[in-house]
Amino acid sequence: MNWKKTKWQLRYYLQYFPFTVNTILCAAAAIIAYKLLYRPLPKQTDDPAPFLPFILLMAKMAFWFVAGIVFISVLSTVGSWVYYLWLKRRKGVKLQLSFATDSRNDRRHKLYLNAQLEGVHRPVLGFVKGRLFYDDHQMTERFSLLSNKRKEKSLWRAAITGRSRMNLPDIKEYELKGGFIFFEDMLHLFSLAAVQPVSGHFYQPPVLKNEQDADVFPKKTESMDVRVEQLRRVEGEYLNYKDFEAGDDVRRIVWKVYAKNRELVVRIPELYEPYASHLYFYASFHAGVKSQWLGEGYMKEMLNYYKNNVWTILDTLSKKEWEMRYVPDQSFKVPEDLSRAEKNSRIISNSTWHKDTSLSQYYNARHGAVLCISSMTDTEELRNVLEKCDASTMIYFVKCSQVFRHFVAWNWLKRLMFLPPKDRLNKLRARWVFSPIRYQVQKREKEIEDILNKSSVAWGKL
């Protein structure tokens, strides 16, 4: 058994441990207060304190009053926990979950968790909380169920509910592995757990950053709804055929087909129309780096940064008159009932660095009007693709190392004088200067910029 699995099992079974740090602190405070209040009074002197017995009496009353409230809260916590275990065993009551995104307040797509427990009694002056386990034995912060759901046309409570913001490290799809429900008293002296057999999937959506706009025009015509200034090519020759009719040019007869089927067919030539309808958007997640780097925290943060920028570009261009067609370089099963924007967001969130489909295999220079590349793009593949592109192609280059930009001296000063950073990104920023990945990534970014400057395409840097 390796250390990682042992650590996870220890964290998992510690959820059943009912005592907390508050248990020790409050027990120590209660013992000290009791000894101070019930120690023998000092002997009478020439200058007695006439109000000391009265003050001690009031302090004892306050002590036992607080102790009584805490005892009632603890007792009701135990009762609520036992009652829930009975409901779970007899009626199969369990935690119900749903996930939703909300971006009404700002441009950030926030992920929220909606939780519900039916028939449960909340402890007197206490709390009901939950925690989820996901993916590789990771766990969320505890979330509270503080609201009440009333029965229809009744004042009686049907369930307790809660809505919490999910702060997860990566933009991707997560798999639920299980969870816990905790019943806690008013001072969090005890935390009584009940395991929850929850399962399912949810995903963290990408975040919109500052808009990156550009004059981009489609390269492919599928309908004649929007007129463009520059003529665009319509698919035809060597792709589509039709039966030979009077007036057709005999030079376009496909003799191979005639020799095989004895049918006269002609090629439909390529046409140039002053219309265009769809703008094809490509974003490559191919990573031409060492395979052992793909699991590094640096690569995960750069992937999050790249996803946010890809989603921002796609959202910005979707506001134009063209109909956007996002062509992913990985295959995913997406629910059919989602809107096109939700499908694209889900696909981008699920995308990962890969080494399967190269840039030249993925990008169609004839149809693709917009291409997003990252700092992980192979330079030789990029050169091959640019040879097939012209000035009508727009390329966005996302410099993934920008996610680690910070004031090094100020960051180190904060680590020395203040609390150390809690999230993974801030920890990695402090170590980025000494990382061996940094030199390789920044070297490749410079090479990509030089290649783009020498090409004929229009490009932008993010």
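Analysis parameters
- Residues numbered from 1 in each chain as written.
- Predicted model: local features only at pLDDT ≥ 70, side-chain atom pairs only at ≥ 80, totals over all residues.
- Heavy atoms only, no water.
- Helix = DSSP H or I, 4+ residues; strand = E, 2+ residues; numbered from the N terminus.
- Buried < 20%, exposed > 50% of the residue type's maximum accessible area, 1.4 Å probe, protein only.
- Contact = heavy atoms within 4.5 Å.
- Areas by Shrake-Rupley, 256 points an atom, 1.4 Å probe, with all protein chains shown as cover.
- Pairing = 2+ DSSP bridges.
- Axes fitted to C-alpha atoms, helices over the stretch in contact; angles between N-to-C directions.
- Left-handed = near helix turned anticlockwise from the far one by under 90°.
- Patch = residues over 30% accessible without salt bridge, like charges linked within 9 Å, V, L, I, M, F, W, Y side chains within 5 Å.
- Salt bridge = Lys/Arg side-chain N within 4 Å of Asp/Glu carboxyl O.
- Core = buried A, V, L, I, M, F, W, Y, C linked by side-chain atoms within 4.5 Å.
- Phe/Tyr/Trp six-rings, centres within 6.5 Å; stacked < 30°, edge-to-face > 60°.
- Parallel < 35°, antiparallel > 145°, perpendicular 65-115°, else oblique.
- Nonpolar A, V, L, I, M, F, W, Y, C, P; charged D, E, K, R; others polar.

### Focus on the overall build of the chain
Thought 1: Looking only at helices and strands, the chain features 11 helices and 19 strands.
Thought 2: Relative to its 462 residues, the chain shows a buried fraction of 42%.
Thought 3: Look at the contacts in the chain between residues 6 or more apart in sequence, and 73% of them connect residues 24 or more apart.
Thought 4: Only carbon and sulfur atoms are counted for the fraction: they give 56% of the accessible area of the chain, which is about 27600 Å².

### Observations regarding unusual backbone geometry
Thought 1: A positive phi angle, close to 55°, is found at Leu-125, a residue other than glycine.
Thought 2: On the secondary structure map, Leu-125 appears in the loop between strand S2 (110-118) and strand S3 (127-134).
Thought 3: Of the residues examined, Leu-125 reaches a relative accessible area of 51% and is grouped as exposed.
Thought 4: The backbone of His-188 shows a phi angle near 55°, a positive value even though the residue is not glycine.
Thought 5: As for its placement among the helices and strands, His-188 is situated in the loop between strand S8 (173-184) and strand S9 (191-196).

### Some details on the pairing of S2
Thought 1: For S2, the tally of buried residues reaches seven of nine residues, placing the bulk of the element in the interior.
Thought 2: Note: S2 against strand S7 (residues 157-165), seven bridges, orientation antiparallel. Counted as the bridge partner of Gln-116 is Thr-161 from S7.

### Comments concerning the packing of helix H5 (residues 297-317) against helix H10 (residues 424-431)
Thought 1: H10 packs onto H5 with a crossing angle of 115° between their chain directions and a minimal axis gap of 10 Å. Relative to H10, the crossing made by H5 is left-handed. Of H10, the residues touching H5 (which contributes Gly-297, Tyr-298, Lys-300, Glu-301 and Asn-304) are Arg-424, Leu-425, Leu-428 and Arg-431.

### Quick word on a nonpolar patch on the surface
Thought 1: A grouping of Phe-51, Phe-54, Ile-55, Leu-57, Met-58 and Met-61 is seen on the molecular surface, where their side chains present a nonpolar patch of about 670 Å² in accessible area.
Thought 2: Looking at where Met-61 falls in the secondary structure, it is placed in helix H3 (residues 52-91).

### Considering the side chain of Asn-344
Thought 1: As for its placement among the helices and strands, Asn-344 is situated in helix H6 (residues 340-350).
Thought 2: Not counting chain neighbours up to four residues away, the residues in contact with Asn-344 comprise Trp-311, Leu-314 and Tyr-326.

### Re the pattern of salt bridges
Thought 1: Scanning the entire structure with this criterion turns up 12 salt bridges.
Thought 2: Glu-301 is paired through a salt bridge with Arg-424; the nearest N and O atoms lie 2.8 Å apart. Of this pair, Glu-301 sits in helix H5 while Arg-424 sits in helix H10, placing them 123 residues apart in sequence.
Thought 3: On the accessibility criterion, Glu-301 (7% relative accessible area) is buried.
Thought 4: Its salt-bridge partner being Lys-319, residue Asp-315 comes within 3.7 Å of it at the nearest N-O pair.
Thought 5: Here the salt bridges do not stand alone but share partners, grouping Lys-129, Arg-142 and Glu-184 into one network.

### Considering the nonpolar core
Thought 1: Counting residues in each nonpolar core, the largest one holds 43 residues, and the members touching the most others are Phe-281, Met-302 and Tyr-306.
Thought 2: By residue number, the principal contributor to this core is H5, which donates 11 residues.
Thought 3: Core analysis: the next-biggest nonpolar cluster, separate from the first, contains 24 residues, Ala-115, Ile-160, Leu-168 and Ile-181 among them.

### As for the packing of aromatic side chains
Thought 1: Overall, the coordinates contain 26 aromatic pairs when judged by the stated rule.
Thought 2: Plain terms: the ring middles of Tyr-83 and Trp-86 are 6.0 Å apart, the flat faces sit at 20° to each other, and that makes the pair stacked. With Tyr-83 and Trp-86 both in helix H3 and three residues apart, this pair spans about one turn of that helix.
Thought 3: A relative accessible area of 40% places Trp-86 in the partly exposed class.

### Some thoughts on the packing of helix H8 (residues 379-386) against helix H11 (residues 436-454)
Thought 1: In the contact formed by H8 and H11, the axes pass within 10 Å of each other and the chain directions differ by 15°. With respect to each other, H8 and H11 are oriented roughly parallel. The two elements H8 and H11 meet at a crossing, and its hand is right-handed. Contacts between H8 and H11 involve Thr-379, Leu-382, Arg-383 and Leu-386 from the former and Arg-444, Glu-447, Ile-448, Ile-451 and Leu-452 from the latter.
Thought 2: The class makeup of the residues in the contact of H8 with H11 is five nonpolar, one polar and three charged.

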